[in-house]
Structures are given as C-alpha cells and as structure tokens.
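# Results of the structural survey
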Amino acid sequence: MSIGGIGAVLATGRAPAYAQQRTLHWVRWSDFVPASDALLKGQITKECQKALGINLQLETINANDIQARVTSAIQSGNGPDIILGLNNWPQLYTASLADMTDVAEEIGQAQGGYYPISKQVATAGTKWIGVPWAVGGGLVAYRKSWFEAIGYPEFPDTWEKLQDAGKKLKAKGTPVGQALSHSFGDPPGFWYPWLWSFGGKEVAADGKTVALNSKETLESVKAAVPFWNDACDPGGLSWDDTSNNRAFLSGTIACTNNGASIYIEAKRKPDTYQTENGTPMYKDIRHAALPKGPGGQYNLPGPFTDMVMAYSKNQAAAKEFLKWIHSKPVFEEWFTSQQGYTDGATKYWEGDKVWSADPVLAPFKKVPAQGRLTGYAGPPDRAAAEVQTKYIIIDMYAKAVQGMKPEDAVNWATGELKSIYGV
Amino acid sequence: MSQVSIFSSSGAYSSAWRRGSITRVLEDQRWFGLLLLTPTLILLGLFTAYPFIKGIELAVTNTTVGVPGHFVGIHNFVVLWHDDIFRMAVWNTCFYTAVATTVKLALGLWLALLLNRNFRGKAMMRAAILLPFIIPTVLSTFAWKWMFDPTFSVINYVLLHLHLITIADRINWLGVPWLAMTSIIIVNVWRGVPFFAISLLAGLQTINPELQEAAAIDGARAWQRFRHITWPLLLPVTMVIMLFSVIQTFADFQIVYVLTGGGPANTTQLFATYAYQIGIGTGLLSQGAAISLAIFPILLLVVIVQLVYIRKTETA
Amino acid sequence: MIEGPRWRRSVFFHVPLTVFVIFLLFPFYWMLVTSIRPDRELYKPWSSPLYQPFWTLHPTFEHIHDLLTETLFSTWMLNTMIISIAATAISLFCGLLAGYALSRLKFPFAGSIGTGIFVTYLVPQTLLFIPLSNIIRNFHIGDTPWALILTYPTFLVPFCTWLLMGYFKSIPKELEECARIDGATRWKAMLYIVFPVALPGILSAGIFAFTLSWNEFIYALVFLSSPAEKTVSVGVTSDLVRGDVFYWGQLMAGALLGSVPVAIVYSFFVEHYVSGITGSVKG
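On a predicted model such as this, the values are computed, not experimentally measured, just so you know.

So, on to the overall build of chain C. From N to C terminus, chain C includes 15 helices and 0 strands. Counting only residues that meet the buried cut, chain C has 61% of its 283 residues in that class. At a minimum sequence separation of 6, the contacts of chain C that also span at least 24 residues come to 76%. Approximately 10,700 Å² of chain C is accessible, and the part contributed by carbon and sulfur atoms is 70%.

Take a look at the structure:
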C-alpha cells in the first residue's frame, strides 16, 4: 500500500474494504447433542474466521420456535442470513429462499450424491432452495436385558410380536413408550411409518388425490387401538419430544422410537443413568428398526436443510460459508461430535469412522436410505407440511385410541386432508 | 387548602402575567383535552389501529409467508367455519374462559375475605400471594409442566402416598382430554387468583365496617351480611376485574403453548394457539389472521354485555 | 369476624388460608428445590421408591452457577428490566394524560375516543404481530429493545387509562376549581394538584403495567432475534429447553431468579397497589 494510501486510511479512520469484517448470522435448533453446538460455537467459529474472514454468529433456539422466527424474518424482510430448516419446512418458504443450486450440486458431486429424501425437501422443481445439512434418523432404542427376560433375544420384528412383548412388559410396569401428541419430532416419527407399514398413504402418486380413505388405513387404525392399550404407556398422549428420553432414562419404559440421543446421553453420564442392578444403563441399550407391518417396513427420517434467506445481504458470504463447512475436513469435525445421532445428507458419510466407533450406533447408518417423507405418495410439499403441522395423521390415531370409532377417525382425517389439498 | 396557597404566594395571580395565545388555547377545555390525548392516539393509532387494519387486510386475502396474496373476500372465514379444529377451538376457549373466570372469582373472593382480617404477617402474606401473578407465565408454566409430567409428577406422588391412587391407574394430567382441560384451568386459576384476591381485598377495605356491625346487632348471620351488604358494595370492583380477566383469558396463549401444544387431539386448542399454529406452523398467514379476527366479535359481545351490566350497577 | 369457639376459627380461617398458601406457593418451593437438586436426583420417576420430591440431601448451586455463567441470563434480566421500566413509563405518561382528559374535561368526541381506546385492548396479539413486524422493519427497530418498548404500551395504555380514569373521577372537582380561581393554568392544576392526590392510583397502574411487560412473550419471541437482546421469558425458554437435554435445574433457577427480585420490589408497593385499585373503582 502506498504512503498516500495509508495516509488516506488514517485520515478517514476507516479500514480499507478488503479488511472489513463479514458477518453471517446463522440460526439453528438447539442440538439434541449439546457437544455439537459447543463445537460449532467454539472451534468451528474460530476456524471460519481464520479461513474465510467471516465472523460467524451462531444462534441456537428451541426447535419449536424456529418457524416463528422464519415467519417474522421473511415478513419483515430482515433477520438471520441462514436458517436451519427441519423436515420439509423449506417447502413452506420456497418463494423467500435464495437459489442454492450451484452450492448444492457441487457438494453432491463431491460426496457421492444426496439421498433422495434430502434432495426432495431441498428442491423446488430443478432449483435447489437450500443446502441439505444432515439427516436425523430414528430407531427403536430398547433395553436388551428386559426383552431377553420375556423371551425376545432379538427385538420383535413385527407389530404382533411387539404387541405381545409390550403386553408382558407393561404387566411388569415398563411398557412400550411412544408419543401420540402434538410434538413435532417423535409422534410423526412413529405414526407415519405405522401408517405406511400397513400400506396406507396420504395421497396418490399424482400428489393431489387424497388416498387416505382406504382399507389399509382403516386396518392400521383398528390395529393401533389394542396395540396402544395393551402395550403402550398412556402418558404418551401428552408427551413432548423430551418426555420419552426422560422416561427411558429413568427406567419407566422398555423401548421407544427416538434418535440416538438417549444412548448418547446415557453414555455421557454412566453414573447418573443406571439400571436397577446398579450397572450403567448405556450397556443395556440397543437399537433396532421399527417392526414390519403387512405392508412393509419403513421409517420417517428428519432431514435438516440450511436455507439461505432471499432478503439476506450476505448471500455470497453464505454460499462461501456453506461450501466451506460442508468440505470434508470441516464437516468431519461436526459429524464426529454427533457420534451417530445424524447421518450425513450425502452417501459419503456412510463410510465415516464414527460408525465403527460404537457398534450400538451402527444401525443408524442405514436409516436415510430406507426412509420415506410425509405426503407419501406425493411429494413432501407445502400441503404435506400443513398436514404434518396440524397433526392430522397423529390425531387420527389419538382419536381412535381415545374411543372414537376407527371409521370415524379415518373419515375425519380424510376430510381434513381433502380441505388441505384443496380437493 | 395549603396546595392552593402555592399559587397565591407565587405571585402568578397578583402579577400581570400575560396570557399568551398558547396559554389561551391550553385553557380551552377542548384543545387541552385533545392535546392530552395526542400521545395516546399517536401510539395506539400507529401500533394498534394501523396493524389492525392490515390484519383485516391479511384475513381477506390469501397471503402465505413471503408470498403476497390477492383479495379473496370471506373465503378464509368460510374455510374456518367448516374446520373441525376451529370449532373445537371456539368451544374450548369459551369453556376455558367461563370456568376459569368463575373459579378465579370464587376463590379470589374467598381469599380476599380471609385476608381482610388483622393477623400477624398480614403485609408479608399479601405480598407473597402475589408471586404467581408476578412470575413470567411461561416460566411458571414450565414448573407446572414438570409437576404434571406423567413420569415425574409430584402431584401423583402425593396422591399415591395419600392412597388415593395406585401406580397402575395414575392420573395422566395432560394426556386425557378432560384432565388436560382441567390442568390448564388449574394453572390459569393459580396465576389469576392473586390478582382477583388483592383487588377484591382492596374493594372490601372500602366497605365501612360499621355497616356490618349494625347488621350483626340486628341479628343478621354471616352469610346474610355477606349477601346483602358486602356483595352489592363489592359489585363495581368485581365487574371491572372480571371484565379485564375475561379479556385476558380469552386471548390466553402461553399456558397451552407450554403445557399441551393444543393436544391431546386438539382438546385444549384455543383461539390464540390455533391462530399461531396455522399462521406460523403452516405459513398460512391469512388463515391465521382470520382465526385471530374471529375472536373479535365474540369478545366484543362478551365485553358489551359486561359493560352494560356495569353501567346498570353504577347507576343503581 | 368469625364468632364462636376456637375450632370454628380454625376451620373457617386457618385451614382455608393454609390451603390457599400451599396451593399458591408450593410451585415456588418446588422450583427452589429443583434448582438446587443435583442432576442424578432429578430424574427419578414418582413411582420409584427413591423419589423424594420435597427436599434434597445434596443441594448444589451448580445449576444457578451454570445459569449465570453459561447463558446470558443476567443480560436478559437487564433487558427485561429496561424494557419493562421504559414501557411502563410511556404507558403511565400516556395513561395519565389520557385518563385526566377523558375523566375531567369536556370536549367533542370524548366518549367515542374513550371507547375507542378501550376497544384497542380487545385486539388480540396474535392478529397484530405479523403486520407489526412490517412496521417495526420500516422504522428499523427490529431486534432492538425499542421494538418492545413501543409496542408494549399498546396493551398497557388502555388499562392504565381506564384505571386512572376511575381514580380521577373520585377526586372532587373542587380541587382544580379552587386552583384555577387562584390563577393556575389547567396544566399546572393538573400537574400539581390532581396528580399528587392520585399517587396511589398511579403506583397501582405502574405496578400492573410493569408486571404485564415483564410477563409478555409473543412479541418478544417474534421481534427480537439476537441472543443478547432477548428478554427473560424468551431467553430462558429458548436456550434452556433444548430438546432431549436436561436443563430443568437451570430452568427452574431461571424461573425463580426471574421473579423473586420483582416480588421484593412489589412488597414495598403492595399497600399502595391495594389502595390504588380501591380508589380507581370507586368512581
């Protein structure tokens, strides 16, 4: 820099443009694995400053509050630059998201391609409206010793077997634990796969015709009632997403469909969470897939997508940041801290060493490939998101379990779906 | 009359102070009145009236998040009319408000009567019972959530040890529809009783004790004294308190948001929570606005009824 | 005033009072115990024989410590304090002037304006917050305390006005008339004569306004985004309710610390609050 240049800078008191700080405001959910948030706010933020010169402001909020922030940000035209969307939320805000096609395609190419479910939620037509971050998978966490004691050395692989096992366990005071309430994570994670495993579905493949009112759906509702009454903890009707974790860790339920957070937490504090024999509980925890029904075996993963907001003035920085954080060495750090709680959004991460670190968590690796999203058999679009947010499918089962005739419950749900899909 | 002497001695009267044009205007009741109202009118106009109009605008269009909509008339309201969940929310809100307000009034009155005596620690007691009203609702509701939790409920623990329930048929406070409604009413009552009690206590203290004594001498029993002396004199305060309580309870949001999310199966869904769920959760801003707007006529009706009643008792 | 033998007094006075006190204050005791209970004791189900809800033998201050060091709790307290005080000040200012005007002056449209102000109290927040976020954006006050300081009075002013109106009505008109005869302007009469007499009403309106501001949630959730700007309600719920991870200890500590200081201040003013309400509804 010439002397005149320095003088000019000193005179105006402003730093030259290329040294000006770029700031990026990123909003994420409060991770169910707290170590990952600590890593992002600490180590990764430092690395980001060094590598890109970007000051990363990471804000973590309760997942339930993310949508309120997104809405007010979009409506008022300012707010965070990048917001992490859960499930198919990006589909709700398509018009307000920036085009991420270049970034997403690049990452996908380099990492063996995205899972279909990740791509579905993050694209609108051929345009990418977000960059898939990861996929949260659910499996049934269960107490191995308790199932062995009632004659199931392997986790029951059909609903009948699980109902039988659950009945025996409930008699002992430790039933199956499943949420059937208005909470965004656990209830859909169980009840949509339940519906699919009987062959039921919400809409036909054309994405418009409501197909809920079918023999298969009715069967699934009829079967849910004795399953719930015989085998499940009735408290599930009022559980939020944390209740099953707490119930499992305090030894009041024998199994529950959940992410890996139960096991990870139990392992983190072996002295706090113990079995009735005084041994660390985490040694007794295993994971299995949701059982089969007459129509197949499914699960509902929870994709995470980074949405760059169209109102943001830092879109270029955001793109640079996303490319950087998804680069193999950087993402590896975060991925390792998750210890298997999430899968990567691309197939590359199936080969990561985190899966060999702990065999108990290895089953989570396969979850995204076998997953389906809400709105099946149509796309996971805005209408499907509305059905999910209004808990229509969940309430269909909740009503039946609380006494409504299965036919009426199905009819009610079908009516609701029809008004949402605009039929 | 010492206050008046300030002005006499300041010489404002005796000196020939000029009444400038501004002072003249200010002395005019009409201008002065309007001037005093100006800050309020600006504030409310800007931050309530204008958004209210915009809110109506939202409700008659089909706006979704980030996508401005176009005019659709009363379409949103028609959709709501046919919406099962909406009808349930209306019923729930009315039921919730009616029951909670009645219970708060009854308990508040009782507590006020109890506190209207001289006993040691009276002042501290009055301050202490205000605590439920002071603590931010969201936070205290979390404490209640923990107390109602099916796995960890301390209430169940107590009932178990009083041998009123067994472990097998424990009370699922938030999972059974009528119990869930009861639970949210309990929390609302818990939060509101202090307000009722303290306000009614204030009212009670204006009632001349001689009236009660005279009646007692005449042979009236406690209940009769209450009915014929205390209650009528308390009515003005009661009506005002009830009016504001009804308005607040009708628009209640935080308790249901934290405790049940509207479940199980929408049996605790209220206007405000449903409006929030639709507007924010599904991005259908117009429908959310329509739900919020739908509260307005019902609330207005309730308020008018109460205001008329207040007028009647005032002139009586 | 309960006559009769001692047992009657117990039954009709002591017992109900005790029950009320337990009902109203038990949750606070519960919060206190939870906030000093170590983690490993927190997660025992109520059916377990080891469940000890009412006390803990190993109290710990780690939750309170973590709350104050790992979260921005003290910042949130400060924010909430500033916002509540400022909103209360504005509301009292508007409410005093408006209440005086509506109750003691005659001017055209007084009745309709009074009703109009009251009607704004009925408009629900869930309707207003989306349009308001546009206004907030236009004034560039999003994510600052001003967004709340200017919007809270919308639901505080109507109540303050109504309360103070009632209070002013009970003050005899002679007071001002005497002052005006002696040459005071209306403004001076209002300020130096009427307002001091209405002090209990002002305090009571102020306390009520402060409580409502302290308590508010929806606007704070929607209009503020940076962690450093949050209020206690929003900050505690969004930072400490983290999915499956257990921060109940800190949550309860936050709940307690977020209310007890205010309660202490109240204890000084509650007598005024009580007489303030009285005065306001006499009219």
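Counting from both sides, the interface comprises 109 residues of chain B and, opposite them, 112 residues of chain C. Between chain B and chain C, a total of about 10,200 Å² is buried, with carbon and sulfur atoms accounting for 81% of that surface. Across the chain B-chain C interface, the total number found is 0 salt bridges. Run the count over chain B and chain C and you get 7 residue pairs in polar contact (both at pLDDT 80 or more). Among the elements that line the side of chain B that touches chain C, the one with the most residues is helix H3 (residues 29-59) of chain B, at 21 residues. Taken together, the residues of the side of chain B that touches chain C break down into 81 nonpolar, 19 polar and 9 charged.

This part covers the packing of aromatic side chains. Residues and elements named next belong to chain A. Throughout the structure, instances matching the rule amount to 63 aromatic pairs over all chains. Between Trp26 and Trp133, the ring centres sit 5.4 Å apart and the planes meet at 70°, which makes this aromatic pair edge-to-face. Of this pair, Trp26 sits in strand E1 (residues 22-29) while Trp133 sits in strand E6 (residues 131-136), placing them 107 residues apart in sequence. Under the relative-accessibility criterion, Trp26 is labelled buried at 0%. For Trp133, a relative accessible area of 1% puts it in the buried group. By way of ring pairs, the aromatic residues Trp26, Trp133, Phe321, Trp324, Phe331, Trp334, Phe335, Tyr348, Trp349 and Trp355 are connected into one cluster. In this structure, Arg372 packs its charged tip against the face of Tyr376, placed 3.4 Å from the ring centre. Over the aromatic face of Trp412 sits the side chain of Lys399, whose NZ or CZ is 4.3 Å from the ring centroid.

Here the focus is the interface of chain C and chain A. Contact with chain C, which involves 26 residues of that partner, is made by 31 residues of chain A. Taken together, the two surfaces of chain C and chain A that pack against each other cover about 2,400 Å², and 60% of this comes from carbon and sulfur. Lys230 of chain C is the partner of Glu59 of chain A in a salt bridge, and the nearest nitrogen-oxygen pair spans 3.4 Å. For the pair chain C and chain A, the number of links is 1 residue pair in polar contact (both at pLDDT 80 or more).

All names here are of chain C. In the predicted model, chain C carries a mean pLDDT of 79, and 84% of its residues have values of at least 70. Per-element confidence in chain C is highest for helix H7 (residues 145-151), whose mean pLDDT is 91, and lowest for helix H15 (residues 260-282), whose mean pLDDT is 64. Scoring of the predicted complex yields 0.83 for pTM and 0.82 for ipTM.

The strands making up a sheet are joined through hydrogen bonds of the backbone, oriented either antiparallel or parallel. Residues and elements named next belong to chain A. Pairing is mixed across the open sheet formed by 6 strands, whose spatial order is E2-E1-E3-E10-E6-E11. Every interior strand has two partners, whereas the edge strands, strand E2 (54-61) and strand E11 (342-344), have only one. On average, each strand axis in the sheet is inclined to that of its neighbour by 25°, with strand direction left out of account. For E6 and strand E10 (residues 302-308), the ladder comprises 5 bridges, and the chain directions are antiparallel. Each residue of the ladder has a partner; that of Pro132, found in E10, is Thr305. Against the sheet, helix H12 (residues 315-325) makes contact with E1, E2, strand E3 (82-86), E6 and E10, and its axis sits at roughly 60° relative to E1, the strand it touches most.

What counts, and where the lines are drawn
- Residues numbered from 1 in each chain as written.
- Chains lettered and ligands numbered in written order.
- Predicted model: local features only at pLDDT ≥ 70, side-chain atom pairs only at ≥ 80, totals over all residues.
- Heavy atoms only, no water.
- Helix = DSSP H or I, 4+ residues; strand = E, 2+ residues; numbered from the N terminus.
- Buried < 20%, exposed > 50% of the residue type's maximum accessible area, 1.4 Å probe, protein only.
- Contact = heavy atoms within 4.5 Å.
- Areas by Shrake-Rupley, 256 points an atom, 1.4 Å probe, with all protein chains shown as cover.
- Buried area = accessible area lost by both parts, 1.4 Å probe.
- Salt bridge = Lys/Arg side-chain N within 4 Å of Asp/Glu carboxyl O.
- Polar contact = N/O pair within 3.5 Å; in protein donor to acceptor, adjacent residues only side chain to side chain.
- Nonpolar A, V, L, I, M, F, W, Y, C, P; charged D, E, K, R; others polar.
- Phe/Tyr/Trp six-rings, centres within 6.5 Å; stacked < 30°, edge-to-face > 60°.
- Lys NZ or Arg CZ within 6 Å of the ring centre and 35° of its normal.
- pLDDT = per-residue confidence, 0-100.
- Pairing = 2+ DSSP bridges.
- Axes fitted to C-alpha atoms, helices over the stretch in contact; angles between N-to-C directions.

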